[in-house]
Each structure stands twice: as C-alpha cells, then as structure tokens.
Amino acid sequence: MRVVDAQHIVKTYRVADKAPGFGGTMRHLFRRKHRDVEAVRGVSIAIEPGEVVGFLGSNGAGKTTMLKMLAGLMQPTDGVVRVLGHDPFRREAAFLRRIALVMGNKQQLIWDLPPAETFRINAAVYNIPDDVAQARVDRLAALLEIEDELHRPVRKLSLGQRMKSELIAALLHEPTVLFLDEPTLGLDVNAQAAVRSFLRTYNAERGAAILLTSHYMADITALCDRVVLIDKGSILHDGALATLVDRFAPLREVALKLTEPVAPERFAAFGEVESCDGLAVKLLVPREGLAERLPRLLAELPVLDLTVHDPPVEEVVGRVFAEASQSTAGAASAVDPDAPEPLEAGAVS
Amino acid sequence: MDGFSENIDPSRPTPDGLPEPGSSPPVGPAAWLRDRLRRTRVMTGVFYALMVEYRIEILLWAVATALPLIMLGLWSEAAASGKFVLGPLDTMRYFIAVFVVRQFTVAWVLYDFEYHVVSGKLTPFLLAPCDPTWRFFLIHIGEQGCRLPFVAALVGFAMLIYPEALRGTEARPGVWAPGWGRFALAVLAVFLAFAMRFFMQYALAMLAFWVERVSALEPVSFVPYVFLSGMVFPVTQLQAQYGDWAYELVLLTPFPWMAWFPASLLVPGVEVPIVRGFATQLVWIGVFLVLQRFLWHRGLRKYSAMGA
C-alpha cells in the first residue's frame, strides 16, 4: 500500500491585487481586483512505506503547499490525494493518529511552560498511557541529547533545543508518515547534524515514510534517497539523487596537480579549463568521454595527482532551476517583451 | 540504540502492510469516557499551570472587572430610599453575587482564536485528533482556577466594606446562605452562563477566518452584554420601570441568563424562574454551538488560503 498517492494535484489561490500608493489604495477600497495564483499545477506523486523523499524548490515553488495538502491543512482545487488511504482534508482521527507535520517556523510547544507539559497533553490527546508516553519521551530525548532541558520553559530554550522538543512532541504518537517543513531552519551545524541523525534513526527503526522540504542541501543529501524538484508548481525531476546528478550534470570536474607548468592550450584536448593556478588545474570533462580521456591525460601531461569529482549537488540543482527558468522566460519573452529576467543559478533552496 | 516503539514487531504485518500505529483510539463507551476525562484532567492541569505564569495579569484583570461592585455603590442609595426593585440587603448581595458570576464567566476566546488564526498557530491543533474547542474551552477553566483565590480575596474585601451583606441587617438579620440546593443550582447556572458566553464569543470568533481583526467586532456583543445581563441593574428593574413587555423582551435575549439568572440564585430573597432559566441557557448554548460548527467547517477552507 502506498502511503501517499496524489494524482494531478492543482492548488489555486485567489489573491488581492493592489497597486501601491494612495490611488492604488482608493481603487482597491472601492473596486477590489483579484487574480488567481496557481501554486501547484497538476503534480502527481506516490510514496511507498519507509521512503524518505526530499522536496526541493525555490521560495514559492509550491513545496509547502504540497505538504499542507498532504497533511490535510488544505484542500486541493483539483486532483485526488490519498494519504494512508484517507482523504487528508477530512482530517479523520484514524488519519491524524498516523501522521505528523513539523514546521520549522511554527511550533506546537506551549511557550511559557516546559516542553514536558506539551508532551503530557499530546499523550492524553493520542490516548497513549502515561508510562508508555514517558518511556518514549525518555528514549527520544536521549537520542536527541536533550534530557536535561525538558523541564525548562520553552521560551528559555535555544532554537535547536526547541526544534528537538518539537520533534519529540510530533513523534510521541509514532507517526507512520512524517511531513517536515524546513526542520533545520536556523539551527547551528551541530543541531542540524543531530536532527538529521535522529530522523535517519527514526526512519530506519520505525519504518516511517518521511517527506521533507529544506533549504539546506545537506539535509537532502544526508536523508533522502529520492528528490522531487518543484518549480512554479510543477515537478521538474522525481527520482534518486544520483540520477539527478547524472541527468543534469553531464560534466565531471577533474582536478590535477602537475610536476611542472604546462601551457594552457594543451588542456583543450581534454576538456574545458575551469581554473589554472600554476601547478593546480581544474578541468571540466564530459562524463561520456572521461574513461577515454583520463589515460591519455596521464600519459601526455606531467601529472603528480589526479582526482575526479561530481559537481556539488547545489550546483546541479541550481542549474536545473536556471534552465527551467530560462526556458520559461524564453517562452514568455517570445510573446511578452517585458518578461522578467531568469533566476540566478544559485537561487536554489 | 533502543528501538523507537516498544510495541512494534516488524515480523507482524498490519492489515494494510504498514507499521503498527503508535497510538490507538479508545474502544467502547467506557474507554471513550475515560479518554475524555483524562484529556480534560490533563489539559485543565497544564492550562492551570500556564495561567499561574500570568497570575499578576489575572489579578489585575479581576480587579478591573469589578463593575458590579461599583454599581453596588451607585444603587445603594436608591435601594435605601425604596426606588430600586431590590431592598438594601438584597441589593448588596445581588451585586456581590454578580461580581462573582462575572469573574467566572469571563470569555476571551475571541482574542485567543483570532491570534491562533492570524499567526497560523491553529495548525498544530488541526493536526491532532482532538477538536480545538477542547483546548480553547479548558484554557478558560484553567484561568478560572487561577482566578479563584483572587476572587475570594476581592469578595472578602467587599464584605469588609459591606459587612451587612454577610451577617444581615437589623431588619433582616441572618448570615448570607442561599441553602445547599440553591447554591448547587447557582454553581450549575454559573457554569452554563460561562458556556453561553464562551460559545457566543467562539461563534463570533469563527469570523476570524474571513476578517483579520475579528476582535473589533467584540463590542457588538459586549455592549448589550453589559447593559442587559444584570451587571448594571437587575433585569427586574425594567419590569418595575417600564412594565412586563420590556422585561419579557430582554429575557428573549441571551444576556440576562449570563449574569442576572445565576446571581439571583445566590441571593435567597430574590425570586427567579429556575426551570425557564436552565432551559433558556441550554437552548442558547445549542444555538451558538450549531452556529459555531457551521462557520467552522466553512472557515477552515479560508484558513488554508490564508497560509495555514
């Protein structure tokens, strides 16, 4: 049984359109204008039990909207969503008992009380016996190394401690499907690593499916076997992370250390020169020709050391979004000379 | 590293092939009742602890809502001259009783709900298998628990200023004691009056799904509440002054049953329509509840659009 089965999901918002300034305010007051914004455009996605899937996309791409529809907070404008066999928006108790949504920018902890008080409420709401709930809190707190902080008011906890407490509150009922929206937002490096390690353990031991959005590629590379790239409400890629790199990164980076300087034009036969700094040279070589070119390169040049890298995933993803943006802008500019400039390649979240 | 769930056996598949749920619903009416009682007990305890954090604010709030005690000072002279519907002793006891009723019928769910909708903090409530109404209702109960000692102190202070209210006057000696039966009815009436006030405001609060600052609508219900609930004068004064039509007209509104009715039950000498009072309270609670549910289901779609 698929835990998530979404077919041709569309979500359209109606937003007010107000021009700036006094005139715009007056016009908006007496003759309100609206426009429809298509946040998600015919997205289909299926997730199997135990899968960890990362949603990647720039701000406003539709990632969080998708998560909200899958968690039952929003009703799709069109399409069919089934999560654990339920229509999420009906928010049936049997469905809610098996899911959790953690949002990095919204918390369920009671601000002026210790996290332990929120856990008590959750235990009662989910009908978890006190002793079982306490045992779970103890285990989760030990995994997250936050045992000593559960009896301090939430307002006195650090951001990382609060997020760890949020995770305990969200996982107390041991959900089968976990939706995470920017779970490491604003955390320091250590806290990010702890949260990632914790989620890996939870996924492995509980067999829970995890659907994750993050601005940090490290979250995606550390946790997700599969990535879904969303741009302007449509899926650009859905598959393994490695496939993404193969598909969108046709070049490999070859770093050389030479024993003596070589004229730059001699590198042209092997690939494009990315940088040349004395004895350290970096070349971009097409993946297909790599096996044939490397032996030749070693034979013809005074090479002391050679390493081959995939380009960083951030770079690959950035390239995908830039290409998508360019193709969209190209199509738009064909009919609209005032179409906006394409996104920068680095504008990836 | 310990496993996550103590009750999961990977070799034992569930009917749908998924891991066993980590929590299960109560099965049977007895288990359901135990579950609801536990929720109520735990939430009330936690929310009481939360309100204790805000104790100074609650004390100031209790003092600031002492309008009935001020009205007592204003009406005392009229009562002494026989121009008031109640005698001097009943006037004292009535307004002190109204003060107590007022303290335990304060509702602020409109502001709380508006905050949760506008800030998106309603989201975690929607993801739990528990209607958010439980939380909003029980946090008020927790607040009343925190308010209790302050109310006792303020009533004690009022008794110091008006000692006759407690021990009786020369014309009508006797300690203020409504009798156990009437006292129990009064406690029930106060609770129902609170439920009326809560659900009236809660129904209004649902407009937060459409209007960002729904608290601006509060005067729509608060102004008639102040003047028609019996806080400023007992509604029987209308009967004495304008005739039965004015009295009956006001009794058709929900307001007199929110203060005048329960407060009158606490004053032994004051007659009050007990059966009609409870029946009317229950009808109004039902009306507000139905309205709230209607608006809730429609509003949730709007909440999504606001960014959830």
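In this text, all values refer to a predicted model and were calculated from it rather than measured experimentally.

Quick notes on the rules
- Residues numbered from 1 in each chain as written.
- Chains lettered and ligands numbered in written order.
- Predicted model: local features only at pLDDT ≥ 70, side-chain atom pairs only at ≥ 80, totals over all residues.
- Helix = DSSP H or I, 4+ residues; strand = E, 2+ residues; numbered from the N terminus.
- Buried ≥ 20, exposed ≤ 12 C-beta atoms within 10 Å, placed from the backbone.
- Contact = placed C-beta atoms within 7 Å.
- Nonpolar A, V, L, I, M, F, W, Y, C, P; charged D, E, K, R; others polar.
- Axes fitted to C-alpha atoms, helices over the stretch in contact; angles between N-to-C directions.
- Parallel < 35°, antiparallel > 145°, perpendicular 65-115°, else oblique.
- Left-handed = near helix turned anticlockwise from the far one by under 90°.
- Pairing = 2+ DSSP bridges.
- pLDDT = per-residue confidence, 0-100.
- Core = buried A, V, L, I, M, F, W, Y, C linked by C-beta atoms within 7 Å.

Asker: Whenever I open this one, the overall build of chain A confuses me. Can you help?
Answerer: Regarding its fold elements, chain A presents 11 helices and 13 strands. C-alpha atoms of chain A, sized along the principal axes, occupy 75 × 60 × 45 Å. Taking all 349 residues of chain A together, the buried fraction comes to 40%. Partitioning the intrachain contacts of chain A with sequence separation of at least 6 by distance along the chain shows that 70% fall at a separation of at least 24.

Asker: Which parts of the structure should I look at to understand the overall build of chain B?
Answerer: The number of helices and strands found in chain B is 14 helices and zero strands. Each helix (α) and strand (β) of chain B, taken in turn from the N terminus, gives the series α-α-α-α-α-α-α-α-α-α-α-α-α-α. Counting every position in chain B, which comprises 308 residues, the buried fraction comes to 40%.

Asker: Would you explain the interface of chain A and chain B in this entry?
Answerer: By a widely used convention, the size of an interface equals the accessible area lost when the partners come together. With 41 residues of chain A in contact, the opposing surface of chain B contributes 38 residues. Of all the secondary-structure elements, those providing two or more residues to the side of chain A that touches chain B are helix H2 (63-71), helix H3 (93-96), helix H4 (115-125), helix H5 (130-144) and helix H7 (189-206) of chain A. Here the side of chain A that touches chain B takes five residues from H4 of chain A, the largest share from any one element. Of the residues contributing to the side of chain A that touches chain B, the split by class is 21 nonpolar, eight polar and 12 charged.

Asker: How do you make sense of the packing of H4 of chain A against helix H6 (residues 159-171) of chain A when you look at a structure like this?
Answerer: The geometry of a pair of packed helices is captured by two quantities: the angle between their axes and the separation between those axes. Residue and element names in this part refer to chain A. Packing of H4 against H6 brings their axes to within 9 Å, and their N-to-C directions diverge by 15 degrees. Classed by the angle they form, the pair H4 and H6 counts as roughly parallel. Crossing geometry of H4 relative to H6 is assigned as right-handed. In this structure, H4 uses Pro115, Thr118, Phe119 and Asn122 to contact H6, whose residues at the interface are Ser165, Ile168 and Ala169. When grouped by side-chain class, the residues that make up the contact of H4 with H6 number four nonpolar, three polar and no charged.

Asker: Explain the environment of Ala107 of chain B to me, please; I cannot follow it from the model alone.
Answerer: All names here are of chain B. The residue Ala107 is located in the loop between helix H4 (88-103) and helix H5 (109-119) in this model. Owing to 24 C-beta atoms within 10 Å, Ala107 belongs among the buried residues under this scheme. Placed 30 residues apart in sequence, Ala107 and Phe137 show a C-alpha to C-alpha distance of 9.2 Å.

Asker: How should I be thinking about the sheet that holds strand E13 (residues 303-309) of chain A in this particular structure?
Answerer: Strand pairing within a sheet occurs via backbone hydrogen bonds; the two strands may be parallel or antiparallel. Residue and element names in this part refer to chain A. Pairing within the open sheet is antiparallel, and its four strands lie in the order E11-E12-E10-E13. The open sheet terminates on both sides in strands that have one partner only, identified here as strand E11 (272-277) and E13. Shown here is a sheet whose adjacent strand axes are inclined to one another by a mean of 20 degrees, direction ignored. Here strand E10 (residues 251-258) pairs with E13 via six bridges, running antiparallel. Pairing of Ala255 across the sheet is with Thr307, part of E13. Against the sheet, helix H10 (residues 290-300) touches E10, strand E12 (280-286) and E13, its axis set at about 165 degrees to E13.

Asker: Explain the sheet that holds strand E4 (residues 78-83) of chain A to me, please; I cannot follow it from the model alone.
Answerer: All names here are of chain A. Spatially, three strands are ordered E2-E1-E4 in an open sheet, and the strand pairing comes out antiparallel. Of all the strands in the sheet, the pair left with one neighbour each is strand E2 (34-47) and E4. Averaged over all pairs of adjacent strands, the angle between their axes in this sheet comes to 30 degrees, without regard to strand direction. Bridge analysis of strand E1 (residues 4-16) against E4 gives five bridges, and the strand direction is antiparallel. Within E4, the position partnered with Val10 by the bridge is Asp78.

Asker: In this structure, what is going on with the environment of Trp284 of chain B? I would like to understand it.
Answerer: Residues and elements named next belong to chain B. Among the secondary structure elements, Trp284 is positioned in helix H14 (residues 274-305). Once the C-alpha coordinates of Trp284 and Arg197 are considered, the two residues, 87 residues apart in sequence, prove to be 9.7 Å apart. Beyond its immediate sequence surroundings of up to four residues, Trp284 is in contact with Met196, Pro254 and Trp257.

Asker: Hey, could you run me through the pairing of strand E8 (residues 226-231) of chain A in this one?
Answerer: Along a regular strand, successive side chains alternate from one face of the sheet to the other. Residues and elements named next belong to chain A. With five of its six residues buried, E8 lies for the most part within the structure. Pairing of strand E3 (residues 52-56) with E8 involves four bridges; the strand directions are parallel. From the neighbouring strand, Phe55 faces E8, where its bridge partner is Val228. Pairing of E8 with strand E9 (residues 234-240), which is carried by six bridges, proceeds in the antiparallel orientation.

Asker: It is not clear to me how unusual backbone geometry should be interpreted in this structure. Could you clarify?
Answerer: Note: most peptide bonds trans; most residues except glycine with negative phi. Residue and element names in this part refer to chain A. You will see that Glu182, though not glycine, has its phi angle at about 50 degrees, which is positive. Here Glu182 lies in the loop between strand E6 (177-181) and H7. Phi at Lys232 takes a positive value of approximately 50 degrees, unusual for a residue other than glycine. Within the secondary structure, Lys232 is located in the loop between E8 and E9.

Asker: Looking at this model, I keep getting lost on the packing of H4 of chain B against helix H7 (residues 132-161) of chain B. Mind explaining?
Answerer: Residues and elements named next belong to chain B. The geometry of H4 relative to H7 is characterised by a closest axis approach of 11 Å and an angle of 170 degrees between their N-to-C directions. Considering their axes alone, H4 and H7 lie roughly antiparallel with respect to each other. Handedness of the crossing formed by H4 with H7: right-handed. Contact with H4, carried on its side by Ile96, Phe99, Val100 and Gln103, involves Arg147, Val151, Val155 and Ala158 of H7 and no other residues of that element. Class assignment of the residues belonging to the contact of H4 with H7 gives a composition of six nonpolar, one polar and one charged.

Asker: Hey, could you run me through the confidence of the model for chain B in this one?
Answerer: It should be kept in mind that the predicted coordinates are not to be read in detail where pLDDT is low. All names here are of chain B. When pLDDT is averaged along chain B, the result is 90, and 93% of the positions lie at 70 or above. When the elements of chain B are averaged for pLDDT, helix H3 (residues 67-80) gives the smallest value, 84, and helix H9 (residues 180-205) the largest, 97. Counting interchain partners and residues more than four positions distant, the pLDDT-below-50 stretch residues 7-13 has three contacts. Here the complex is predicted with pTM 0.85, and the ipTM for its interfaces comes to 0.88.

Asker: Where do I start with the nonpolar core in this structure?
Answerer: Nonpolar side chains in soluble globular proteins tend to end up buried together. Leu70 and Phe179 of chain A are the most contacted members of the largest nonpolar core, which has 170 residues in total. With 15 residues, the single largest contributor to this core is H9 of chain B. Each residue touching Leu70 of chain A, except ones within four places of it in the same chain, is listed here: Val4, Ala6, Val81, Val83, Pro88, Phe179 and Leu211 of chain A. Counting eight residues, the second largest nonpolar core, distinct from the first, contains Val254, Val281, Leu283 and Leu297 of chain A.

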